[in-house]
Amino acid sequence: MNLGFSVWLFAVSMGASALGGTLGMASGIFIVPILIMFGGVAIHTAVAASMVSVIACSCGSAAPFLRGSLTNIRVAIVLETATTLGALTGVFLTGVVPVPFLYFLFAVVLLVSAWQMVARQREPPITSENAPMRDWATSLRLHSSYPDGALGRDVSYLVQRVPLGLALMYGAGLISALLGIGSGVLKIPAMDTALRLPIKVSSATSNFMIGVTAAASGVAYFALGDINPHIAGPVAIGSVVGALLGARFLMVMSGEKLRLFFVAVLIALAGQMLLSAFGVHWIGHVA
Amino acid sequence: MNDDRARHPELEHLIAQVLDRGTWLASGIITVGLLSSLVGWPSMGIVIGGIALLIALPVIRVLLMLIVFVRERDHYFGAIALLVLTIIVLSALLGVHMAGRMSG
């Protein structure tokens, strides 16, 4: 085992996870392109390693949200039927889809994420009084409330448009399995626009769900032998340490500057992935 | 209207504990495996074990939800949890099948 390369994997994953965490983004969207373009790692190995780190970050950060009653576990398990089915489809497609298409898809996801980071705006959640009551969310008893620290009381919310949410979540699971990412790119429209969850509930619940979504493809990649412990090991540990550090960075760094920096990084990575999709490689590998 | 209709406080605390401790345990196992390989011991099997535990954690979480929903006689949600578990098992079987096709 190459010590230098292990340390590099650990450091890159820690940095991506710490910085990603401050903006509520999963680290996979940075880790996968960096492993491929700078580490010379094959795309399927990079995706599988990232999947392990996605699980580690989801499970490692779930407890405070659960204890704070922010995670809606009923909404989570309902949507997980769609995300795991999407992941199953994604696993099947990895054997069929050509690698340049994966690069291209990744570039698209990076660009849409950059755009969402600039444009993310929220509609106010619908309050209990003016929403329809005869729908899926009501019969599944998904509506709930969460304690809001700033207001000092419980805030009730209604869950909207579950079928649309399920459809978007199927896509999110599929992209997650194909690209090794948390696919916030589809979860944000699904949780905010379709289901209209309050932001704290939306973040906590999607963070909770991504572990199961990633495990659904993770078991397949494990069976396929795509999980290389020399790569997935340092990436997983680096991501866990980074997630712990990220929670502290959040306090000291300026949000707006960090946002602009991230948009620039996302666009740069997208450009690189597009070049790779068309077979152009001009960045040296570290290993 | 009952504000606590979608809450399961005991189940939430149980899951929080399992995921929290499980992540620390799995990370510890992976770290031990990586460090021992640095001093030359053949320990990649330990790392793989830690990774397997990590992947198993969310699956255990769904299993816990299944057990609690069934015990609470919430059969509809029991069935939903069972469906999620079934899809994960199918995915594992698909992986085994694809691996067999590649080597055979």
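Scoring rules and cut-offs
- Residues numbered from 1 in each chain as written.
- Chains lettered and ligands numbered in written order.
- Predicted model: local features only at pLDDT ≥ 70, side-chain atom pairs only at ≥ 80, totals over all residues.
- Heavy atoms only, no water.
- Helix = DSSP H or I, 4+ residues; strand = E, 2+ residues; numbered from the N terminus.
- Buried < 20%, exposed > 50% of the residue type's maximum accessible area, 1.4 Å probe, protein only.
- Contact = heavy atoms within 4.5 Å.
- Areas by Shrake-Rupley, 256 points an atom, 1.4 Å probe, with all protein chains shown as cover.
- Expected span 1.5 Å × (residues − 1).
- Bend = angle between axes of the 7 residues up to and from the residue.
- Buried area = accessible area lost by both parts, 1.4 Å probe.
- Salt bridge = Lys/Arg side-chain N within 4 Å of Asp/Glu carboxyl O.
- Phe/Tyr/Trp six-rings, centres within 6.5 Å; stacked < 30°, edge-to-face > 60°.
- Axes fitted to C-alpha atoms, helices over the stretch in contact; angles between N-to-C directions.
- Left-handed = near helix turned anticlockwise from the far one by under 90°.
- Pairing = 2+ DSSP bridges.
- Parallel < 35°, antiparallel > 145°, perpendicular 65-115°, else oblique.
- Core = buried A, V, L, I, M, F, W, Y, C linked by side-chain atoms within 4.5 Å.

(A) Region of the structure containing the overall build of chain A. For chain A, the count of helices and strands is 11 helices and two strands. Along the chain direction, N to C, the helices and strands of chain A fall in the order α-α-α-α-α-α-β-β-α-α-α-α-α. Within the span of chain A, comprising 287 residues, buried residues form 57% of the whole. Look at the contacts in chain A between residues 6 or more apart in sequence, and 83% of them connect residues 24 or more apart. Surface accessibility of chain A: about 11,200 Å² in total, with carbon and sulfur atoms responsible for 68%.

(B) Layout of helix α2 (residues 44–71) of chain B. All names here are of chain B. With 28 residues, α2 extends 40 Å from end C-alpha to end C-alpha; this agrees with the ideal 40 Å at 1.5 Å per step. Maximum bend of α2: about 30°, positioned at Leu 57, with proline Pro 58 one to four residues after it. With its phi angle positive at about 60°, Arg 73 sits one or two positions after the end of α2.

(C) Summary view of the interface of chain A and chain B. Residue-level contacts link 61 residues of chain A with 55 residues of chain B. With both chains or domains summed, chain A and chain B bury close to 4,900 Å², and 76% of this area falls on carbon and sulfur atoms. When the buried surface of chain A facing chain B is broken down by residue, A:Ile73, A:Arg74 and A:Ile77 rank first, second and third, together holding 12% of it. With a shortest N-O distance of 3.5 Å, A:Arg141 and B:Asp74 are connected by a salt bridge. Broken down by secondary-structure element, the contributors of at least two residues to the side of chain A that touches chain B are α3 (43–67), α4 (73–94), β1 (144–148), β2 (153–157), α9 (199–224) and α10 (229–252) of chain A. The greatest single-element share of the side of chain A that touches chain B, amounting to 13 residues, is contributed by α9(A).

(D) Local environment of the packing of aromatic side chains. All names here are of chain A. In the structure shown here, the tally under the stated rule is three aromatic pairs over all chains. Arranged with centres 6.2 Å apart and planes meeting at 50°, the rings of Tyr 146 and Tyr 157 form a pair that is tilted. Of the two residues, Tyr 146 sits in strand β1 while Tyr 157 sits in strand β2, which places them 11 residues apart along the sequence. Judged by relative accessible area, Tyr 146 falls into the buried class, the value being 7%.

(E) Local environment of the packing of α4(A) against helix α7 (residues 162–179) of chain A. Contact geometry of α4(A) with α7(A) gives a least axis separation of 6 Å together with a crossing angle of 35°. Regarding α4(A) and α7(A), the two cross each other, and that crossing is right-handed.

(F) Quick peek at the pairing of β2(A). Residue and element names in this part refer to chain A. For β1 and β2, the ladder comprises five bridges, and the chain directions are antiparallel. Bridged to Asp 148 within β2 is Arg 153. Taken together, β1 and the strand that follows it, β2, pair antiparallel across an intervening segment of four residues, in which Gly 152 is found at a positive phi of about 70°.

(G) Representation of the packing of α9(A) against α2(B) within the structure. Axis separation between α9(A) and α2(B) bottoms out at 9 Å; the angle between their running directions is 130°. Judged by the angle between their axes, α9(A) and α2(B) are oblique. In this structure, α9(A) meets α2(B) at a crossing whose hand is left-handed. Here A:Phe208, A:Met209, A:Gly211, A:Val212, A:Ala215, A:Gly218, A:Val219 and A:Phe222 of α9(A) come into contact with α2(B), specifically with B:Ile48, B:Ile51, B:Ala52, B:Ile55, B:Pro58, B:Val59, B:Arg61 and B:Val62.

(H) Spotlight on helix α2 (residues 28–37) of chain A. Here α2(A) lies mainly inside the structure; 10 of its 10 residues are buried. Where α2(A) is concerned, the buried positions are A:Gly28, A:Ile29, A:Phe30, A:Ile31, A:Val32, A:Pro33, A:Ile34, A:Leu35, A:Ile36 and A:Met37.

(I) Here's a closer look at the nonpolar core. Counting residues in hydrophobic clusters, the biggest one holds 128 residues, and the most contacted among them are A:Leu35, A:Ile77, A:Leu142, A:Val159, A:Leu179, A:Tyr221 and B:Leu54. Among the elements that make up this core, the one with the highest residue count is α3(A) (14 residues). Those residues in contact with B:Leu54 that sit more than four places away from it in its chain are A:Val52, A:Ile55, A:Ala56, A:Ala236, B:Thr23, B:Ala26 and B:Ile30.

(J) Molecular detail of the pattern of salt bridges. Scanning the model with the defined rule gives three salt bridges over all chains in all. Residue B:Arg61 pairs with A:Glu80 through a salt bridge whose shortest N-O separation is 2.7 Å. Taken together, the positions of B:Arg61 in helix α2 and A:Glu80 in helix α4 put the pair across two chains. Overall, B:Arg61 belongs to the buried group, its relative accessible area being 2%. Under the relative-accessibility criterion, A:Glu80 is labelled buried at 0%.

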